[in-house]
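# Breakdown of the fold
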Amino acid sequence: MNRSVLVAPSLLSADFTRLAEQVRLCEQGGADLLHLDIMDGRFVPNITFGQPVVAAIRRSTTLVLDCHLMIIEPERYVQSFVEAGANWISVHVEACAHLHRTLQTIRSLGARAGIVLNPLTPLEYAFEAAEYADYVLIMSVEPGFGGQQFIPSSLRRIERLRQWLDRHDLAVPIEVDGGVSAENAADIAQAGANILVSGAAIFNGSIESNIATLRQKAMAARA
Ligand code: DX5
Ligand code: ZN
């Protein structure tokens, strides 16, 4: 597996009154992807934004847009998110009845397809789906809100998934989302994560230096 660790700012913690500027700061600050949290008020107790906002972000950046769909029946919406400009789309295994078909649909639309597991969802879902997915997103908080505490048992889940993927020669990146900060980035990278999503820890203070710190901690752990 590639040793590099990508940093994906989650725009959930950005200042929405000046979204284009915040996106630009992420881009200039060295973000590898932009993580966009789509919540429906059903699968999670919060509502964020939909396709029009994704399309507006698309017009303001060339960065890869990583859309994390926290919505029930995500298969109903994947096409419209790709049309809005999403490059990567991940769906929750808990919210998607026909995962194989949905992953195929996402790929057929030209996007990368990811699966997401909530903090206590058995890893076996990822074992079954990994060969049909372009990445696996491990939630390290219950989805719905930014700024929550990292759930410590997530570390051993990342480790176990990384070992399983390596054993099966599957070069599938592991993305980690929720409570990622400078304090735990090294441990998360060490456990085998490839992509770190971070909201509160990036948008609180200087975006550029927060991205640099996260990357440096993660890469040092990989060296
Ligand atoms: C939570 C979202 C996350 C969240 C991460 O439901 O999926 O992407 O924005 O934010 P922090 O890093 O603040 O936990
Ligand atoms: Zn997310």
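Structure: see above.
To start, this report covers the structure provided alongside it.

Conventions and cut-offs
Residue indices begin from 1 for each chain and proceed along its sequence in written order. Going through the entries in the order they are written, you letter the chains from A and number the ligands from 1. For a predicted model such as this one, the threshold for reporting local features is a pLDDT of at least 70, and the threshold for listing and counting side-chain atom pairs is 80 or more; totals across whole chains, interfaces and linings nevertheless cover every residue. The basis for every side-chain value is the complete set of non-hydrogen atoms in the structure, without hydrogens or water. By the criteria applied, helices consist of DSSP H or I runs no shorter than four residues and strands consist of E runs no shorter than two, each listed in order from the N terminus. Here the globule rule is a power law, 2.2 Å times the number of residues to the power 0.38, and the radius of gyration is based on C-alpha atoms. Throughout, exposure labels follow a simple rule: accessible area from a 1.4 Å probe, protein chains only, divided by the maximum for the residue type, with under 20% read as buried, over 50% as exposed, and the rest as partly exposed. To be clear on the numbers: accessible area is Shrake-Rupley with a 1.4 Å probe, and residue cover counts the displayed protein chains and nothing else. Positive charges come from Lys and Arg alone, negative charges from Asp and Glu alone, with His and the N- and C-terminal ends not counted. The location of each charge is read from NZ of Lys, CZ of Arg, CG of Asp or CD of Glu. Nearness is judged by heavy atoms alone; a residue qualifies as near a molecule or strand once a single heavy atom is within 4 Å of it. N or O atoms closer than or at 3.5 Å make up a polar contact, with two conditions inside protein: a donor-capable atom paired with an acceptor-capable one, and, for residues adjacent in sequence, both atoms drawn from side chains. Definition used in this section: a nonpolar core is a set of buried Ala, Val, Leu, Ile, Met, Phe, Trp, Tyr and Cys residues joined via side-chain atoms within 4.5 Å. Residues are treated as being in contact if the distance between any of their heavy atoms lies within 4.5 Å. When DSSP finds at least two bridges between two strands, those strands are taken to pair. Comment: axis = line fitted to C-alpha atoms, over the contacting stretch for helices; angle = value between 0 and 180 degrees taken between N-to-C directions. To sort the angles, those under 35 degrees are grouped as roughly parallel, those over 145 as roughly antiparallel, those from 65 to 115 as roughly perpendicular, and the leftovers as oblique. The sense of a crossing depends on the near helix, which, turned anticlockwise from the far helix by less than a right angle, makes the crossing left-handed and, turned clockwise, makes it right-handed. Classification convention: Asp, Glu, Lys, Arg as charged; Ala, Val, Leu, Ile, Met, Phe, Trp, Tyr, Cys, Pro as nonpolar; all other residues, Gly among them, as polar. For Na, K and Ca the donor cutoff is 3.2 Å, while for all other metals N, O and S atoms count as donors only within 2.8 Å; water does not appear among the atoms, so some sites may look incomplete. Each label reflects the angles at the metal, where four donors whose angles all fall between 85 and 135 degrees are tetrahedral, four or six donors whose opposite pairs open beyond 155 degrees and whose other angles stay between 65 and 115 are square planar or octahedral respectively, and the rest are irregular. Pairing of aromatic rings covers Phe, Tyr and Trp, the last through its six-membered ring, and needs centres within 6.5 Å; plane angles under 30 degrees mean stacked, over 60 mean edge-to-face, and all others mean tilted.

### Section: the overall build of the protein
- A tally of helices and strands in the protein yields nine helices and eight strands.
- In terms of C-alpha radius of gyration, the protein reaches 16 Å, essentially the compact-globule figure of 17 Å for 223 residues.
- Residues counted as buried form 52% of the 223 residues belonging to the protein.
- Carbon and sulfur atoms make up 49% of the accessible area of the protein, which totals about 9,900 Å².
- The distance from the centre of the 18 positive side-chain charges to the centre of the 24 negative ones in the protein is 2 Å.

### Quick look at the site of ligand 1
- Neighbouring ligand 1 are 20 residues, the closest being Asp37, Gly144, Gly147, Asp177 and Gly199.
- Between an oxygen atom of ligand 1 and a side-chain N or O atom of Asp177, the distance comes to 2.7 Å.
- Between ligand 1 and the protein, one listed contact pairs an oxygen atom with a backbone N or O atom of Gly199 at 2.8 Å.
- Of all the elements in the fold, those that place two or more residues in the shell around ligand 1 are β2 (33-39), β3 (64-70) and β8 (195-198).

### A short note on the nonpolar core
- Counting residues in hydrophobic clusters, the biggest one holds 66 residues, and the most contacted among them are Leu11, Val54, Leu69, Ile89, Ile115 and Leu161.
- Looking at which element gives the most residues to this core, the answer is helix α9 (residues 207-222), with five residues.
- Setting aside its immediate chain neighbours within four residues, Leu11 contacts Phe16, Leu19, Val23, Leu34, His35, Leu36, Ile57 and Phe203.
- Ranked by size, the runner-up nonpolar core spans six residues in total, among them Ala8, Leu33, Trp88 and Tyr135.

### Some remarks on the sheet that holds β2
- One open sheet holds the eight strands; their spatial order is β1-β8-β7-β6-β5-β4-β3-β2, and the pairing between them is parallel. Edge positions in the sheet fall to β1 (6-9) and β2, since each of these pairs with one other strand and no more. Averaged over all adjacent pairs, the angle separating strand axes in this sheet is 25°, with direction ignored.
- Docked against the sheet, helix α4 (residues 99-108) engages β4 (88-92) and β5 (112-117), running at close to 145° with respect to β5.

### Comments concerning the packing of helix α1 (residues 19-28) against α9
- Relative to each other, α1 and α9 sit at 40°, their axes nearing to 8 Å. The angle between α1 and α9 falls in the class oblique. The hand of the α1/α9 crossing is right-handed. Touching Gln22, Leu25, Cys26 and Gln28 of α1 are Ile207, Glu208 and Ile211, all from α9.
- Looking at the contact of α1 with α9, its residues break down into four nonpolar, two polar and one charged.

### A look at the coordination of the zinc ion (ligand 2)
- Coordination of the zinc ion (ligand 2) by the protein involves His35 (NE2), Asp37 (OD), His68 (ND1) and Asp177 (OD), with metal-donor separations of 2.0 to 2.3 Å.
- Given six donor atoms and angles of 70 to 168° at the metal, the environment of the zinc ion (ligand 2) is assigned as octahedral.
- Along the chain, the residues donating to the zinc ion (ligand 2) are arranged with the sequence spacing H-x1-D-x30-H-x108-D. With respect to burial, His35 and Asp37 carry one shared label: buried.

### Observations regarding the packing of aromatic side chains
- A full pass over the atoms with the stated rule returns three aromatic pairs.
- Note on Trp88 and Tyr135: the rings are 4.7 Å apart at their centroids and 40° apart in plane angle, and the pair reads as tilted. With Trp88 in strand β4 and Tyr135 in strand β6 (residues 135-139), the pair connects residues that are 47 residues apart, well separated along the chain.
- Taking relative accessible area as the criterion, Tyr135 reaches 0% and is therefore assigned buried.

### Examining the side chain of His35
- With respect to the element layout, His35 can be found in strand β2.
- Looking at His35, the relative accessible area reads 0%, which means it is buried.
- Of note is the side chain of His35, whose polar atom sits 3.3 Å from the side chain of His68.
- For His35, the side chain forms a polar contact with the side chain of Asp177, separated by 3.2 Å.
- In this view, His35 contacts Ala8, Pro9, Ser10, Leu11, Asp66, His68, Leu137, Glu175, Asp177 and Val197; residues no more than four positions away in its chain are not counted.

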